[in-house]
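# Per-entry structural report
The lines below spell out each chain.
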Amino acid sequence: MNRTVGVLALQGAYQKHVDCLSRLGVDTLLIRKASELDQCDGLIIPGGESTTMSLLIQESGMYEPLRDFAQVKPVMGVCAGMIMMSASVDDQRVKPLQIMPFRALRNHYGRQVHSFSADITLDFDADGDTFHAHFIRAPGVETLANGIEVLATCNDESVMIGDGGHIALSFHPELTDDARIHAYWLSNINV
Ligand code: GLN
């Protein structure tokens, strides 16, 4: 049976994840209401604006359903999506889903340089090419518990973390043609 990955489409940069997943031969579904999660084997929470996304998640009645989904299926959170996966955020306007035990720091890389790119080493492919990572007003990470694995760093900061099922990233892996990160996360999906 083919896997179906949901991409939360309430707000933000969801379309390029759909393109990336289709290149990998994976079916996708844009998710705008809770019942649509039933058809998904995994979920991507994309980048965007976490204060807005947080409000829309609550207004659409998806707060608890997303938490329930993450108990049983893998989630990948990118940038604002990473912020939504955290246990706590340094901005009270965001009500995080508390999917992974880390604290997210919004716009951690400063107001002057909102965006930058860097070639980073992926721990799961340490002998392979570096990954060209785009950071766009990216969040920082403070891990809060042992179960979290740091999967990539940039200038000694954790920028990709995982717990064996979920992954959360400060940067946008969907903005390159390099699908290694999506493929890595997909290997957590059992169907
Ligand atoms: N700075 C945004 C936030 O705090 C995240 C930016 C992004 O997703 N690229 O929500």
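Going by the structure above, here's the rest.
Structure report, in brief. (Residues numbered from 1 in each chain as written. Predicted model: local features only at pLDDT ≥ 70, side-chain atom pairs only at ≥ 80, totals over all residues. Heavy atoms only, no water.)

### Focus on the site of the ligand
Worth spelling out the cut-off: Near, as used in this document, describes a residue that has one of its heavy atoms within 4 Å of the molecule or strand being considered. Whenever a nitrogen or oxygen atom comes within 3.5 Å of another N or O atom, the pair is scored as a polar contact, on the condition that within protein one atom can donate a hydrogen and the other can accept it, and that pairs from neighbouring residues in sequence are kept only if both atoms are in side chains. Using a 1.4 Å probe, the Shrake-Rupley method yields the accessible areas, and only the shown protein chains count as cover for residues. Classification used: nonpolar for Ala, Val, Leu, Ile, Met, Phe, Trp, Tyr, Cys and Pro, charged for Asp, Glu, Lys and Arg, polar for all others including Gly.
Near the ligand the following residues occur: Gly-47, Gly-48, Glu-49, Ser-50, Cys-79, Ala-80, Ile-83, Arg-106, Asn-107, Ile-136, Arg-137 and His-172. Between an oxygen atom of the ligand and a main-chain N or O atom of Ser-50, the distance comes to 2.7 Å. Contacts to the ligand include Asn-107, whose side-chain N or O atom sits 2.7 Å from a nitrogen atom. Contact with the protein chains covers 95% of the free accessible surface of the ligand, which is 300 Å². Taken together, the residues of the shell around the ligand break down into four nonpolar, five polar and three charged.

### Considerations on unusual backbone geometry
As a reminder, the rule being used: Each helix corresponds to a stretch of at least 4 residues labelled H or I by DSSP, and each strand to a stretch of at least 2 residues labelled E; elements are numbered beginning at the N terminus. Buried residues are those whose accessible area, probed at 1.4 Å on protein chains only, stays under 20% of the maximum for their type, while exposed residues exceed 50% and partly exposed ones sit between those limits.
Positive phi, close to 45°, is recorded for Arg-137, a residue that is not glycine. Mapped onto the elements of the fold, Arg-137 is located in the loop between strand 8 (131-136) and strand 9 (140-143). Look at Asp-156: it is not a glycine, yet its phi comes out positive at around 70°. Judged by relative accessible area, Asp-156 falls into the exposed class, the value being 79%.

### Quick notes on the pairing of strand 1 (residues 4-8)
Put simply, the rule reads: When DSSP finds two or more bridges between a pair of strands, those strands are recorded as paired. A crossover gets the label right-handed when its path from the first strand over the helix to the second runs clockwise, viewed with the strands pointing away from the viewer.
Most of strand 1 sits inside the fold, with five of its five residues counted as buried. Across the two faces of strand 1 the burial is the same, with Thr-4, Gly-6 and Leu-8 and Val-5 and Val-7 all buried. Here five bridges tie strand 1 to strand 2 (residues 27-31), and the two strands are oriented parallel to one another. Looking at the pairing, Leu-8 lines up with Ile-31 of strand 2. Crossover strand 1 to strand 2 through helix 1 (residues 15-23) is right-handed. Here three bridges tie strand 1 to strand 3 (residues 42-45), and the two strands are oriented parallel to one another. In the strand pairing of strand 3, Val-7 is matched with Ile-44.

### Brief notes about the layout of surface pockets
Note the cut-off: Put simply, the grid is 1 Å and covers the protein atoms alone, a cavity is a trapped set of points that fit a 1.4 Å probe, a pocket is an open set with protein on both sides within 12 Å along at least five of seven lines, and lining residues have an atom within 4 Å of a point. Grid points are joined across faces, edges and corners, and a volume is the space filled by probe spheres set on the points.
Of the volumes computed, that of the largest pocket is approximately 150 Å³. Around the largest pocket sit Gly-47, Gly-48, Glu-49, Ser-50, Cys-79, Ala-80, Ile-83, Arg-106, Asn-107, Ile-136, Arg-137 and His-172, which together line it. When its residues are assigned to classes, the lining of the largest pocket shows four nonpolar, five polar and three charged.

### Describing the pattern of salt bridges
Side chains carrying opposite charge are able to pair once their charged atoms draw close together. The criterion, for reference: One side-chain nitrogen of Lys or Arg within 4 Å of one carboxyl oxygen of Asp or Glu is enough to make a salt bridge.
Under the defined criterion, the tally for this structure stands at seven salt bridges. In this structure, Arg-106 and Glu-49 form a salt bridge, with 2.7 Å as the shortest nitrogen-oxygen distance. With a gap of 57 residues between them, Arg-106 in the loop between strand 6 (102-105) and strand 7 (115-120) and Glu-49 in the loop between strand 3 and helix 2 (50-59) connect regions that are remote in the sequence. With a relative accessible area of 14%, Arg-106 lands in the buried category. One salt bridge connects Asp-178 with Arg-180, and the closest N-O pair in it is separated by 2.8 Å.

### Observations regarding the environment of Pro-139
Inclusion rule: Contacts were defined at the residue level, with two residues in contact if any of their heavy atoms lie within 4.5 Å.
For Pro-139, the location among the structural elements is in the loop between strand 8 and strand 9. According to the relative accessible area criterion, Pro-139 is buried, its value standing at 0%. Sequence separation of Pro-139 and Ala-13 is 126 residues, and the distance between their C-alpha atoms is 16 Å. Ignoring anything within four residues of it in the chain, the contact list for Pro-139 reads Cys-79, Met-82, Ile-83, Leu-105, Asn-107, His-108, Tyr-109 and Ser-170.

### Some thoughts on the nonpolar core
Put simply, the rule reads: The set of buried Ala, Val, Leu, Ile, Met, Phe, Trp, Tyr and Cys residues whose side-chain atoms join them within 4.5 Å is what this entry labels a nonpolar core.
With 31 residues, the main nonpolar core has Ile-120, Met-160, Phe-171 and Ile-181 as its most contacted residues. What Phe-171 contacts, discounting residues up to four positions off in sequence, is Val-78, Cys-79, Ile-120, Phe-131, Ala-133, His-134, Phe-135, Val-159, Met-160 and Ile-181.

### Considering the sheet that holds strand 1
Note the following rule: Only the contacting stretch of a helix is used when fitting its axis, a line to C-alpha atoms as for every element, and angles between N-to-C directions run 0 to 180 degrees.
With mixed pairing, seven strands are arranged side by side in an open sheet as 2-1-3-4-12-11-10. Looking at strand neighbours, the two that pair on one side only are strand 2 and strand 10 (149-154), the edges of this open sheet. Neighbouring strand axes in the sheet, compared pairwise and without regard to direction, differ in orientation by 20° on average. Two strands pair when backbone bridges link them, and strand 11 (residues 157-162) and strand 12 (residues 167-169) are joined in this way by three bridges, in the antiparallel orientation. Across the sheet, residue Met-160 finds its bridge partner in strand 12, namely Leu-169. Along the sheet, helix 1 contacts strand 1, strand 2, strand 3 and strand 4 (75-78); its crossing angle with strand 1, the most-contacted strand, is approximately 165°.

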